[in-house]
Amino acid sequence: MRLKTPKTIFVAAFHLLASRNILGGDVLQTVAADPNARIFIFAPEYKKDFLLSLYGRETVKIIGIDEAVLINNRPFRFFKWIALSAIPTYTMLLRAREKLFRAQTIANFFEYLLKRFLMLTVARWRFAHRCIRALDAVYAQRTSIDDYIAELRPDCIFVTDMYSDTDVCFLQAARRNKIFSIGMVR
């Protein structure tokens, strides 16, 4: 398979097993063999050299990213908390209870009550989910991913774990920049 026009693909490879399954398979080898393809694998800074030794070649470049810089901003953390609190499942309730029982503080108690309130009321409204997504899109901060997008102009962004905080940053950047994205569930 040979691409007719040059294509640039970003791959977020922050989870070792998911990344191994994608990068170690035939898909990467097939696409990377095409001289019209450029693949940029984004990984944690400390894994950069290791991935470079395994997958580095002329059409595949490895870029190290500091994950903490991406996910440790207040708007991201706040909307991640709201989004998880607005999932009315037993698992999310169990996680909230577990956090409360691990550290029984007044702050954790009020957080538990607020999560419980959100799960029982707001989480059941479709309109609330749309509002949360819209506010998240408005307040999501530009990251270094946006700079890479502006510089390298990818045609597609592929994330290996849609529920990972870091991969969510890639998906948000793709949406902001109107780039086709593909997400995989670990």
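Bear in mind the structure is a predicted one, so any value in this text is a computation, not a measurement.

It is not clear to me how the nonpolar core should be interpreted in this structure. Could you clarify?
Most often, soluble globular proteins keep nonpolar side chains buried together rather than apart. Ranked by internal contacts, the top residues of the largest apolar core, which has 21 residues, are Phe10, Phe42, Ile145, Ile149, Ile157 and Phe170. Secondary structure elements with two or more residues in this core: strand S1 (7-12), strand S2 (37-44), strand S3 (60-65), helix H4 (67-71), helix H9 (144-152), strand S4 (156-159) and helix H10 (165-176). Here this core takes 5 residues from H10, the largest share from any one element. Leaving out residues up to four positions away in the same chain, Ile157 has contacts with Phe10, Ile149, Phe170, Ala174, Ile179, Phe180, Ser181 and Ile182.

Any chance you could explain the pairing of S2 here in plain terms?
Remember that side chains alternate between the two faces of the sheet whenever the strand is regular. When you tally the buried positions in S2, you get 7 out of 8 residues, the bulk of the element. In terms of strand pairing, S1 meets S2 through 6 bridges, oriented parallel. Bridge pairing in S2 places Ala12 opposite Phe42. As defined by bridge partners, S2 adjoins S3 across 6 bridges and the pair is classed as parallel. Residue pairing across strands places Ile39 opposite Val60, the latter belonging to S3. Of the crossover connections in this fold, the one passing from S2 over helix H3 (residues 48-55) to the parallel S3 is right-handed.

Would you mind going over the pattern of salt bridges with me for this structure?
Side chains that differ in sign of charge can pair as their charged atoms come close. Inspection of the entire model under this criterion finds 6 salt bridges. Arg102 is paired through a salt bridge with Glu98; the nearest N and O atoms lie 2.5 Å apart. Taken as a pair, Arg102 and Glu98 lie in helix H6 (residues 90-102) at a separation of 4 residues, close to a single helical turn. Its salt-bridge partner being Arg176, residue Asp146 comes within 2.8 Å of it at the nearest N-O pair. One end of the pair, Asp146, is in helix H9; the other, Arg176, is in helix H10, with 30 residues separating them in the sequence. Using a relative accessible area of 2% as the deciding quantity, one classes Asp146 as buried. We classify Arg176 as partly exposed; its relative accessible area is 28%. Ionic contacts of the salt-bridge type, sharing partners, join the residues Arg77, Lys80 and Asp165 into one network.

In this structure, what is going on with the packing of aromatic side chains? I would like to understand it.
Per the stated rule, a full pass over the model turns up 7 aromatic pairs. Taking the centre distance of 5.8 Å and the plane angle of 45 degrees together, the rings of Phe14 and Phe170 count as tilted. Of this pair, Phe14 sits in the loop between S1 and helix H1 (16-23) while Phe170 is found in helix H10, placing the two residues 156 residues apart along the sequence. Both residues of the pair, Phe14 and Phe170, count as buried. Taken together through their ring pairs, the aromatic side chains of Phe10, Phe14, Phe40, Phe42, Tyr148 and Phe170 make up a single cluster.

Would you mind showing me how to read the packing of H6 against helix H7 (residues 106-120) here?
Between H6 and H7, whose axes approach to 9 Å, the crossing angle comes to 170 degrees. Between H6 and H7, the interaxial angle falls into the category roughly antiparallel. Of H7, the residues touching H6 (which contributes Met92, Leu93, Ala96, Arg97, Lys99 and Leu100) are Asn108, Phe109, Glu111, Tyr112, Lys115, Arg116 and Met119. Looking at side-chain class alone, the contact of H6 with H7 contains 7 nonpolar, 1 polar and 5 charged residues.

Criteria and cut-off values
Residues numbered from 1 in each chain as written. Predicted model: local features only at pLDDT ≥ 70, side-chain atom pairs only at ≥ 80, totals over all residues. Heavy atoms only, no water. Core = buried A, V, L, I, M, F, W, Y, C linked by side-chain atoms within 4.5 Å. Buried < 20%, exposed > 50% of the residue type's maximum accessible area, 1.4 Å probe, protein only. Helix = DSSP H or I, 4+ residues; strand = E, 2+ residues; numbered from the N terminus. Contact = heavy atoms within 4.5 Å. Pairing = 2+ DSSP bridges. Right-handed = clockwise from strand over helix to strand, strands pointing away. Salt bridge = Lys/Arg side-chain N within 4 Å of Asp/Glu carboxyl O. Phe/Tyr/Trp six-rings, centres within 6.5 Å; stacked < 30°, edge-to-face > 60°. Axes fitted to C-alpha atoms, helices over the stretch in contact; angles between N-to-C directions. Parallel < 35°, antiparallel > 145°, perpendicular 65-115°, else oblique. Nonpolar A, V, L, I, M, F, W, Y, C, P; charged D, E, K, R; others polar.

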